[in-house]
Amino acid sequence: MTSSNPASAARRNEAWRQAGRTLAAAAAVVALAGCEDKNTFVAPPPPKVDVATPVQRPVTRYIEATGNTAPIKSVDLVARVQGFLQSIDYQDGTFVKQGTQLFTIEPETYKLKVEQAKAAEVGAQATVKQAEADFKRQVELVQRQAVSQSTLDTSTSTRDNAQANLQQAQVNTRLAEVNYGYTRVTAPFDGIVSAHLVSIGELVGVSSPTQLATIVAMDPIWVNFTVNEQDVLRIRAEAARRGLTPADMKQFPIQVGLQTETGYPHEGKLDYVSPTLNTSTGTLAVRGVVPNDKRVLLPGYFVRVRVPFDQEKSALLVPDTALGSDQGGRYLLVVNGDNVVEQRKVQIGPVDNGLRVIESGLKPDDRVVIAGLLRVIPGQKIDPQTTKIEQPQASAK
């Protein structure tokens, strides 16, 4: 039996160990190569952002202001004759028609004065008749030379005096009738009468006219407001462009709304424009007149006013939420043809039915970022998701 060589066995074991180490190293290289492939950086996809083209539609330009209402007629009712107040013929705060009797001031005394004046007038008429007849007789007698010329002159003077006395009596009658009419205080126009300021039985009109109450006309009603100098220049420029005269401008419609109302439900027209600006405030006083048959507007209310003065046929509008602001002003984020975000400086106009008018800096085919503004920055590439700007409900008119 042949025995193995120990040296030869050791060499074989060492060879196997070397081969194992080689295979292990190769496996490690392959493993490391696999790890390197899996850990390679892959850029995230561009964020999805909603974009839309601006809304394009006609927009009416308005001058907006705050004003206050005032009655077109307000009169203090006074006692123009002296006497005791006999009756109050209306309910405080009620609406009355023109000519409605409101107060009665002791009419009997003034009625007697009318009758007295009429009696004096009748007597003066009789005297004139007698003087006229005597004058005619004296004329005939002078013609026959039966009386002297001086007698005729006396008769003529008597006739003229009688006629003058008749005229005086007629005037006295008219004055008595006027004063008698003042004993009944009536409404000078349709309106609401305030609470009475005197009581029945009180002596009124003693030394000066006594105020009895106040009547206020409610329909129509004035709306007073002011327009700043820049708006005045804009309106005048637009009027010149359209060839409007100052009389035409007074026909401009105005829209009015109370502080608690939605929109501008009350409509009227311009009534007055001051010829000069107030140098201390730089504003122009303007007044409108508004129908108020339901008496919703009370004198003294503060109201919102707007006056349409121009209409743009094709304005561009975007949601207010799409606008950003920085030290340079307002801007929009716009996506170019390479789907890269750009910051676009814009000039904004008024809000029209929930959307903001863009005066300049935007084109009709621009794609505007309308949502997800915080997820994008200028210069970033995005995945634009084209959508449509929703039209808000029009405000109440």
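Up top is the structure.
Calculation notes
Residues numbered from 1 in each chain as written. Predicted model: local features only at pLDDT ≥ 70, side-chain atom pairs only at ≥ 80, totals over all residues. Heavy atoms only, no water. Helix = DSSP H or I, 4+ residues; strand = E, 2+ residues; numbered from the N terminus. Buried < 20%, exposed > 50% of the residue type's maximum accessible area, 1.4 Å probe, protein only. Contact = heavy atoms within 4.5 Å. Salt bridge = Lys/Arg side-chain N within 4 Å of Asp/Glu carboxyl O. Patch = residues over 30% accessible without salt bridge, like charges linked within 9 Å, V, L, I, M, F, W, Y side chains within 5 Å. Areas by Shrake-Rupley, 256 points an atom, 1.4 Å probe, with all protein chains shown as cover. Phe/Tyr/Trp six-rings, centres within 6.5 Å; stacked < 30°, edge-to-face > 60°. Lys NZ or Arg CZ within 6 Å of the ring centre and 35° of its normal. Pairing = 2+ DSSP bridges. Polar contact = N/O pair within 3.5 Å; in protein donor to acceptor, adjacent residues only side chain to side chain.

A. Highlighting the overall build of the protein chain. Of regular secondary structure, the protein chain possesses five helices and 22 strands. Expressed as a percentage of the 397 residues in the protein chain, the buried residues total 32%. Contacts in the protein chain between residues far apart in sequence, at least 24 positions, make up 75% of those at least 6 positions apart.

B. Expanded view of the pattern of salt bridges. Per the stated rule, a full pass over the model turns up 13 salt bridges. E177 is the partner of K118 in a salt bridge, and the nearest nitrogen-oxygen pair spans 4.0 Å. Pair noted here: K118 is in helix α2 (residues 107–143) and E177 is in helix α3 (residues 149–182), with a separation of 59 residues, a long-range link. One connected set of salt bridges, linked through shared partners, spans R61, E312 and E359.

C. How the structure looks around a nonpolar patch on the surface. Residues F84, L203 and V206 make up a contiguous nonpolar surface patch of about 260 Å² in total accessible area. Note that F84 resides in strand β4 (residues 83–88).

D. Layout of the packing of aromatic side chains. Inspection of the entire model under this criterion finds one aromatic pair. It is R287 that lies over the ring of W222; its NZ or CZ is 3.9 Å from the centre. Looking at R295, its charged tip hangs above the ring of F95, at a distance of 4.7 Å from the centre.

E. Region of interest: the sheet that holds strand β8 (residues 191–193). Read across the open sheet, the four strands follow the order β3-β10-β8-β5; overall the sheet is antiparallel. The open sheet has two free edges, formed respectively by β3 (74–79) and β5 (95–96), since each of these has just one partner strand. Strand direction decides the pairing type here: β8 and strand β10 (residues 210–216), joined by two bridges, are antiparallel. Directly across from V193, in β10, lies its bridge partner I215.

F. Seen up close, the pairing of strand β13 (residues 266–278). Looking at chain direction, strand β12 (residues 253–258) and β13 are connected through four bridges and run antiparallel. Of the residues in β13, the one forming a bridge with I254 is G268. As paired strands, β13 and strand β14 (residues 283–290) are joined by six bridges and run antiparallel to one another. By the bridge assignment, L270 is partnered in β14 with G288. The hairpin turn running from β13 into β14, its antiparallel successor, is four residues long, and G282 in that turn takes a positive phi close to 70°.

G. Spatial organisation of the sheet that holds β4. Across the sheet, four strands lie side by side as β7-β6-β4-β9; this open sheet has antiparallel pairing. At either end of the open sheet lies a strand with only one pairing partner, and these are β7 (184–186) and β9 (203–204). Where strand β6 (residues 101–105) meets β7, three bridges bridge the pair, whose relative direction is antiparallel. The partner of F103 across the bridge, within β7, is V185.

H. Seen up close, the side chain of S87. Topologically, S87 is positioned in strand β4. Of note is the side chain of S87, whose polar atom sits 2.9 Å from the side chain of D89. Filtering out sequence-adjacent residues up to four positions away, S87 remains in contact with L102, F103, T104 and I200.

I. Quick peek at unusual backbone geometry. In this model, D219 is joined to P220 through a cis peptide bond whose omega is 0°. Here P220 lies in the loop between β10 and β11 (221–228). Although it is not a glycine, N339 sits at a positive phi angle of roughly 60°. Relative to the helices and strands, N339 resides in the loop between β17 (329–335) and β18 (341–345). Phi at N353 is positive, roughly 50°, even though this residue is not glycine. Relative to the elements of secondary structure, N353 occurs in the loop between β19 (347–352) and β20 (355–360).

Spatial relationships are all this shows, so hold off on functional conclusions.
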